[in-house]
Amino acid sequence: MGERNSERRGLLICTAVLFSFCLFFFIFYGKEIIVNGSQAGEEYVKELMGGEEYAALEQRVQQILHAEKFSLTDYIRAVLSGETAFSFSDFVRTVSRGMVGQVEGLRRDFVQLIALVLLTSVFNGFAKAFRDGQVAESGYYVSYLLLFSMLASGYLSMSGVAEDTLNTLLGFMKVLIPVFCGTIAFATGSITSQSAAAVLFMLLAAVDYFLVSILLPVIHIYMMTVLANHLAKEEPLGKTAQLLAKGVRFFLKFALSIVAAASTLLGLVTPAIDALKRGSVLKVSQMIPGLGNLFRGVAETVFGAGNIIKNAVGTGGMIVVVLICIIPLGRVLLASVCYRAGAAAVEPVADRRIVNCLTDAAEGITMLFQTLFAGAVLFLLIFAVLLRATS
């Protein structure tokens, strides 16, 4: 009996000592832990913005968007302070200002195109008055060569816009991915960060190789094919042009499907693993008497700050992607619309081959638009899925 009482007294003494230690620790260090936990997000922001990777990212943004005066650093700080980080009205004004010059240049090209087609139609009408049909056919060849040079020049200009925009987008993503994946590691975990970095760099290489190095040359071949096809009455290359167009569109749809599936699987699996690890750590910390809830509150504060920083960097990168692509997309789309409008305007008076040539040229420029649009959507899609899955 005496031994049991002594064991109980020993257990009570140990419990009292442990409770006193926890109370002492809470009184003298609890406030410091709370303050350090609340300042963890600010310290990480300072460390993030002071690194070489972020400096390279901000420098690239300033080089690309010097006219738009958009700063990724100002955007992130505005998000963290709860201010209005991005104004939609400013975005509309920026896009409108950029499109004004594009519309003026395309209007001039459209007027020249219509004037050339109408002049060739009048010339061919006079030529058909002669009994010798070779005169009219020779007149068509001369006028078509003039139209050929104008359409080829316009297409090469739009192709240069699309290629330069894709290269600019790829250069920006190369400096954004390391910074964004670093914020994922701070907010969610290392497994998600490493998986996201691998998928994003694979997507970067795929866009660089397939879209820029393969798909754009295929569209060049399509454009040269349709321009040569309408030189003869028989149109011997029509099926070849259709095959190339269908191949380009199928590949773009296939690429979007693959990226959507890969990003969805990535968002379903790896964040769950990191969440399980984080939950296990929090549950273990809750077992500490007196300090469990304190540690849990501090950890949730740190993770919440990490999520805000991650979302700020991710959405800021998506805004930059939109600003990079929106004006070139509008320019290429307007060029396609101008060619289609020109074909519709001259259809009553022009030769059928010229009308078909304008329509097919507009189709080639539309494929440039679709390629550029797909390149932007691929990155926006995977960033949106990652931001949603890791929040």
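**Section: the nonpolar core**
Ranked by internal contacts, the top residues of the largest apolar core, which has 93 residues, are L57, F70, L151, F172 and M173. Here this core takes 20 residues from helix α5 (residues 133-187), the largest share from any one element. Those residues within four positions of L57 in sequence are excluded, and the remaining contacts are L72, F172, V175, L176 and V179.

**What about the confidence of the model for the chain?**
Residue-level pLDDT values for the chain average 75, and 70% of them are 70 or greater. Mean pLDDT per element in the chain: helix α1 (residues 2-49) is the minimum at 51, and helix α9 (residues 352-389) is the maximum at 88. The low-confidence segment residues 15-38 (pLDDT under 50) makes 19 contacts with residues lying over four places distant or belonging to another chain.

**Concerning the packing of helix α2 (residues 52-64) against helix α3 (residues 72-81)**
When two helices pack together, their arrangement is captured by the angle between the axes and the distance separating the axes. Across the interface, α2 lies against α3 with an axial gap of 9 Å and an inter-helix angle of 110°. The angle between α2 and α3 places the two elements in the roughly perpendicular class. Residues Y54, L57 and E58 of α2 form the contact with α3, whose participating residues are L72, T73 and I76. Here the residues of the contact of α2 with α3 sort into four nonpolar, one polar and one charged.

**Points about the environment of L57**
Examined against the element boundaries, L57 turns out to sit in helix α2. Taking C-alpha positions, L57 is 9.8 Å from G317, a pair spaced 260 residues apart along the chain.

**Considering the environment of R352**
Structurally, the position occupied by R352 is in helix α9. Sequence separation between R352 and H230 is 122 residues; the distance between their C-alpha atoms is 9.3 Å. Apart from residues lying up to four places away in sequence, R352 is in contact with K233 and E235.

**What to know about the environment of V161**
Here V161 shows up in helix α5. For V161, a relative accessible area of 13% translates into the label buried. In this structure the C-alpha to C-alpha distance between V161 and R331, which are 170 residues apart in sequence, comes to 8.6 Å. Apart from the residues within four sequence positions on either side, V161 is in contact with P328, R331 and V332.

**Side note on the pattern of salt bridges**
Pairing between side chains becomes possible if they bear opposite charge and their charged atoms approach one another. Throughout the structure, instances matching the rule amount to two salt bridges. For E363, the salt bridge identified is with R340, shortest N-O distance 2.7 Å. Within this pair, whereas E363 is found in helix α9, its partner R340 is found in helix α8 (residues 292-346), the two being separated by 23 residues in sequence.

**Overview of the packing of aromatic side chains**
Tallied over the entire structure, the rule returns five aromatic pairs. Where F210 meets F251, the ring centres are 5.6 Å apart and the plane angle is 40°; that geometry is what we call tilted. Remark: F251 occurs in helix α7 (residues 238-286) and F210 occurs in helix α6 (residues 190-229); sequence separation between them is 41 residues. Given a relative accessible area of 34%, F210 falls into the partly exposed group. On the basis of relative accessible area, F251 is assigned to the partly exposed category, the value being 24%. With a centroid separation of 6.0 Å and an interplanar angle of 15°, the aromatic rings of F369 and F373 are classed as stacked. Residue F369 and its partner F373 are located together in helix α9, separated by four residues, close to a single helical turn. With relative accessibility at 44%, the residue F373 sits in the partly exposed group. Counting every residue linked through ring pairs, the aromatic cluster contains Y209, F210 and F251.

**A short note on α2**
With 13 residues, α2 extends 18 Å from end C-alpha to end C-alpha; this agrees with the ideal 18 Å at 1.5 Å per step. When we look at burial in α2, the residues that qualify are Y54, L57, E58, V61 and I64. Within α2, the buried residues cover an arc of 130° as seen down the axis, which keeps them to one side.

Rules of the game
- Residues numbered from 1 in each chain as written.
- Predicted model: local features only at pLDDT ≥ 70, side-chain atom pairs only at ≥ 80, totals over all residues.
- Heavy atoms only, no water.
- Core = buried A, V, L, I, M, F, W, Y, C linked by side-chain atoms within 4.5 Å.
- Buried < 20%, exposed > 50% of the residue type's maximum accessible area, 1.4 Å probe, protein only.
- Helix = DSSP H or I, 4+ residues; strand = E, 2+ residues; numbered from the N terminus.
- Contact = heavy atoms within 4.5 Å.
- pLDDT = per-residue confidence, 0-100.
- Axes fitted to C-alpha atoms, helices over the stretch in contact; angles between N-to-C directions.
- Parallel < 35°, antiparallel > 145°, perpendicular 65-115°, else oblique.
- Nonpolar A, V, L, I, M, F, W, Y, C, P; charged D, E, K, R; others polar.
- Salt bridge = Lys/Arg side-chain N within 4 Å of Asp/Glu carboxyl O.
- Phe/Tyr/Trp six-rings, centres within 6.5 Å; stacked < 30°, edge-to-face > 60°.
- Expected span 1.5 Å × (residues − 1).
- Arc of directions from axis to C-beta.

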